[in-house]
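Next come the chains, spelled out residue by residue.
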Amino acid sequence: ILVKAQNLARDAANAATGDEAYEAIASTVDGLLSRMIDVANSKFGNRQLFGGTVTDQASFVVSASNANGNPTAISYQGAD
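Given the structure is predicted, the values throughout are model-derived calculations rather than measurements. (Residues numbered from 1 in each chain as written. Predicted model: local features only at pLDDT ≥ 70, side-chain atom pairs only at ≥ 80, totals over all residues. Heavy atoms only, no water.)

Chemist: Sorry if this is basic, but what is going on with a nonpolar patch on the surface here?
Modeler: Side chains of Phe44, Leu49 and Phe50 sit close together on the surface and give an oily, nonpolar patch of about 360 Å² of accessible area. Relative to the assigned elements, Phe50 resides in the loop between β2 (47-48) and β3 (60-65). Of the residues examined, Phe50 reaches a relative accessible area of 45% and is grouped as partly exposed. (Patch = residues over 30% accessible without salt bridge, like charges linked within 9 Å, V, L, I, M, F, W, Y side chains within 5 Å. Areas by Shrake-Rupley, 256 points an atom, 1.4 Å probe, with all protein chains shown as cover. Salt bridge = Lys/Arg side-chain N within 4 Å of Asp/Glu carboxyl O. Helix = DSSP H or I, 4+ residues; strand = E, 2+ residues; numbered from the N terminus. Buried < 20%, exposed > 50% of the residue type's maximum accessible area, 1.4 Å probe, protein only.)

Here it is as structure tokens:
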């Protein structure tokens with residue numbers, strides 16, 4: 001997921017990239033972010049893997065979204 005995001009960032013930095021390409025890149029990044037949240041909320045059985053001692057709720061949640069419903073902030077709900 002991170003390698004794909006890095007490649008997209010490199011493509012977006014290209015001066016020849018047009019508006020349609022930027023829209024496509026942004027849409028792909030939104031999908032990658034969603035996949036990353038899913039991975040970060042992985043479970044073993046019914047227990048969260050990355051929540052520390054808090055294993056009964058999602059470790060990461062979308063805490064703010066923009067007008068289009070895309071995440072603008074992700075919060076960690078696991079143990080310190």
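Chemist: Looking at this structure, I do not really get the pairing of β3. What am I missing?
Modeler: A regular strand places its side chains so that they alternate between the two faces of the sheet. Sheet topology places β3 next to strand β4 (residues 71-76); five bridges connect them, and they run antiparallel. Looking at the pairing, Val61 lines up with Ser75 of β4. (Pairing = 2+ DSSP bridges.)

Chemist: Before we go on, may I ask you to explain the side chain of Thr55 in this structure?
Modeler: The residue Thr55 is located in the loop between β2 and β3 in this model. At 3.3 Å, the side chain of Thr55 and the side chain of Arg47 are in polar contact. Ignoring sequence-local partners within four residues, the contact set of Thr55 consists of Asn46, Arg47 and Gln48. (Polar contact = N/O pair within 3.5 Å; in protein donor to acceptor, adjacent residues only side chain to side chain. Contact = heavy atoms within 4.5 Å.)

Chemist: Which parts of the structure should I look at to understand the environment of Ala58?
Modeler: Following the sequence through the fold, Ala58 ends up in the loop between β2 and β3. Through-space distance from the C-alpha of Ala58 to that of Ala79 is 11 Å; in sequence the pair is 21 residues apart. If near-sequence neighbours (up to four positions away) are discounted, Ala58 is found in contact with Asn41, Gln48 and Gln77.

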